[in-house]
Every structure is written in structure tokens, then in C-alpha cells.
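Spelled out from the first residue to the last, the chains are:
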Amino acid sequence: MSLITHPNARELSKSVRATVLVFKDPRSQELLSRIERLAPSEANTLIIGETGTGKELVARHIHHLSRRGREPFVAVNCGAFAETLVESELFGHEKGAFTGATSNKAGWFEAANGGTLFLDEIGDLPLNMQVKLLRVLQEREVVRLGSRTPIPINVRLVAATNVNLADAVVAGHFREDLFYRLHVATIRLPPLRERPGDILPLAEFFIEEHCRRLGYDRASLSPDAERKLLAHSWPGNIRELENAIHHALLVCRHQVVAPGDLHLVDMRPLGPAQGQVPHAVSGVSGVAPPSLESALLALFEQNVANLYEHIEETVFREAYRYCHGNQLQTGRLLNISRNIVRARLEKIGELTKA
Ligand SMILES: Nc1ncnc2c1ncn2[C@@H]1O[C@H](COP(=O)(O)OP(=O)(O)OP(=O)(O)O)[C@@H](O)[C@H]1O
Ligand SMILES: [Mg+2]
């Protein structure tokens, strides 16, 4: 089986995209059968994969295939909360536990009780929270902040990471005991370039989905466009492919996607830990791009209002476009954290447009 439709995924997820999984390449089929074998077990699971490889989608699928499938699936991004908030978000708090705790609040563990808790970017969890997480997994109970009463918890944990956790352990950023606790069942999602048999089926799937959403007639790929898709290295993986198709549908003519409609930026296929720096794209070959200094000088002379803000906004907006709308890659490109990228994009209204 290579196409799976989730009957209730539309309710589970904000995106209609998550309703179907494409697994055509032999490597993906192997992966799928591993997922199907692991899912019904109660084992905590670690999903490892580069950005955009489908970690969250696979986590939902595991949940769906398990006997917890009708219970809650709660997804939390460990990198999305300030360090001081992570604890009360995960474990909950009692009224008055800290300034601003005006009522009792259940944490994510309680919200997921009976079901599956998906901890995304687990490598971002602060070390002191790692200790507490380990304790919850061992004791199977949580204690809300400001309380002494343990609450029994029956949660299956699925965690995801796009950094090599073993390296993080060596570097002292991740606790070894938690690492082994999570490492019981692991699923490695290969990057898209290592499962080329998925590229065209995924492209077809996204064409169909987006044409339907946009109210367009069904478009197709020209043979040259197919070749271009197959030759690309896909550093942003499936999310990059989806964005490329979406963009191509907006600009293509006569419902045929030609190679020129596919805006693919070639980056070297590096692992996430190595820091991806794209090749500089020079405009016309042989012509040096204008220097940053001269561009600034021109702006100074134009007397632009709110110049600093304007420059900062432009940096974020252009980097985000260059990375096909991928926040993580934008962060890597600018060498700042994804959270900062997200906050800035939100501030300048880039995210609400999507
Ligand atoms: N096998 C698949 N079939 C169809 N769509 C997929 C598949 N895998 C991923 N996608 C789609 O690709 C996009 C990225 O997937 P997802 O968000 O699960 O990736 P991720 O690994 O969690 O990415 P990140 O590391 O950036 O959080 C989503 O829109 C998802 O629906
Ligand atoms: Mg994700």
C-alpha cells in the first residue's frame, strides 16, 4: 500500500495536506511497514529526520494506527516556549504557582492523557526539563507546578528531532539517560533525495490538492519539469517540494507546469547539523552583484522612512522567500534561531499571508 487516507485526519489537523501519505519509493515502503509494525506497540518512539521530511505526519500516523487512535493526539513544539514557560506548559500549574498563574491549568501531558503526546524538536528541551520529563516517563505521573499531588498519566510519547541527538549528548546538551529512554524505537525518515521514487508521486499529489484548493482545473507536469524535479537535491525535502508546486501552479500557463515555473534554489545537500549555507546566487553570470555597501548608500540617499526597520524586514522577507517559506532553513541561512525567525515573520505579517 502506498496511499493512505486518514478518515479523521481533517479534524485532527489544521491542514488538509495531512490526510494522505505518499510512500512509493521502495525505501519509503520499507519505512511504512516498519511504522505499521511499531505503531500498535506502546513503545515510546523517536522520529529522526531532516526538516520537512514528514516527522509530524508520521507521528500522527503512528497514533492513528495504535489503539489510542480515538484518543487525543497532542503536538507540542519544545522550541516554541520560553524556558520559563516550558514546565507549566508540559506539566500544568496550580493557581498562584507563579505570578500570572491566575487559575489551575492542565499541562500537555494531562491533555494527551489516554492518547499520544508528540514532542517536536525534543533537542530544544532545556536540560532541567529533560530531567523532569524523564521522571514523568519513569513514574507515569505528573505533578503540576505549585502542587504536591501526583496525577497518574497514561501517555505514549512520540518525539522528533532534526538534530543528531547522539551528538547533542556528547556535546552535553542532551541527557544520556533520556536519550536511551527515547531510543527504544526509532524511525529514521530518509531525506527526499534518498527516496527519488517519491518525488513525482508527491508532486502529482500536491498538484491535485492545490488545484482543488485554488479552484483550478487539474494541471500536469511537462516531461522537462519532471526531469527538473528529479534532478533537484531537495534540501527542504517534502515541504520544499510542496511549496515549489504551489508556486508553479500560480504562475504556469494552460495548466502545464514547465521547468521555468519551478523555482528551485540549489543548495548543497548537507545534514542539518552541518549548517546549510546556500551557494550565492549571482544574477547574470560574470556580472558582480552590487555590494551591500553600495545598496545601503543608495538607500541613505533616498531618505527612506524607518530605514532600519525597512532593512531588517527586507532581510527576513527575502531570506524566507529564498528558503521557500521554510522557517528552519531561514534560521540556518541567517544563523539565528527558528523562534526568532518565526517571531519576526509574524511581526511583519509574512506568516498570516500563508
Ligand atoms: N509521505 C507524505 N505524503 C504526503 N505529504 C507529506 C508526506 N510527508 C510529509 N508530507 C507533507 O510535507 C509537509 C512537511 O511535513 P511535516 O510537517 O510532517 O515535516 P517535519 O519533518 O515535521 O518538518 P519540520 O522539521 O520542518 O517540522 C507537510 O505539509 C506534510 O503534510
Ligand atoms: Mg515538524
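Please refer to the structure placed before this passage.
A brief structural summary. This one's a predicted model, so the numbers in the text were calculated from it and none came from an experiment.

Definitions and limits used
- Residues numbered from 1 in each chain as written.
- Chains lettered and ligands numbered in written order.
- Predicted model: local features only at pLDDT ≥ 70, side-chain atom pairs only at ≥ 80, totals over all residues.
- Heavy atoms only, no water.
- Helix = DSSP H or I, 4+ residues; strand = E, 2+ residues; numbered from the N terminus.
- Buried < 20%, exposed > 50% of the residue type's maximum accessible area, 1.4 Å probe, protein only.
- Contact = heavy atoms within 4.5 Å.
- Near = heavy atom within 4 Å.
- Polar contact = N/O pair within 3.5 Å; in protein donor to acceptor, adjacent residues only side chain to side chain.
- Areas by Shrake-Rupley, 256 points an atom, 1.4 Å probe, with all protein chains shown as cover.
- Nonpolar A, V, L, I, M, F, W, Y, C, P; charged D, E, K, R; others polar.
- Domains from an automatic or database assignment.

1. Quick notes on the overall build of the protein
- Helices and strands together make up the secondary structure of the protein, namely 16 helices and 11 strands.
- Burial statistics for the protein: of 354 residues in total, 46% are counted as buried.
- Within the protein, counting contacts between residues at least 6 apart in sequence, those at least 24 apart form 71% of the total.

2. Quick look at the site of ligand 1
- Taken together, 20 residues lie around ligand 1, and Val22, Thr51, Gly52, Lys55 and Arg239 are the ones closest in.
- Leucine 57 places a polar main-chain atom, nitrogen or oxygen, 3.0 Å from an oxygen atom of ligand 1.
- Between ligand 1 and the protein, one listed contact pairs an oxygen atom with a side-chain N or O atom of arginine 239 at 2.7 Å.
- Its free accessible area being 630 Å², ligand 1 has 94% of it covered by the protein chains.
- Listed by contribution, the elements that provide at least two residues to the shell around ligand 1 are strand S2 (20–22), helix H3 (55–65), helix H9 (199–214) and helix H11 (237–251).
- Taken together, the residues that form the shell around ligand 1 break down as 9 nonpolar, 5 polar and 6 charged.
- In this structure, the shell around ligand 1 is formed jointly by two domains, domain 1 (39–190) and domain 2 (194–261), each of which donates at least three residues.

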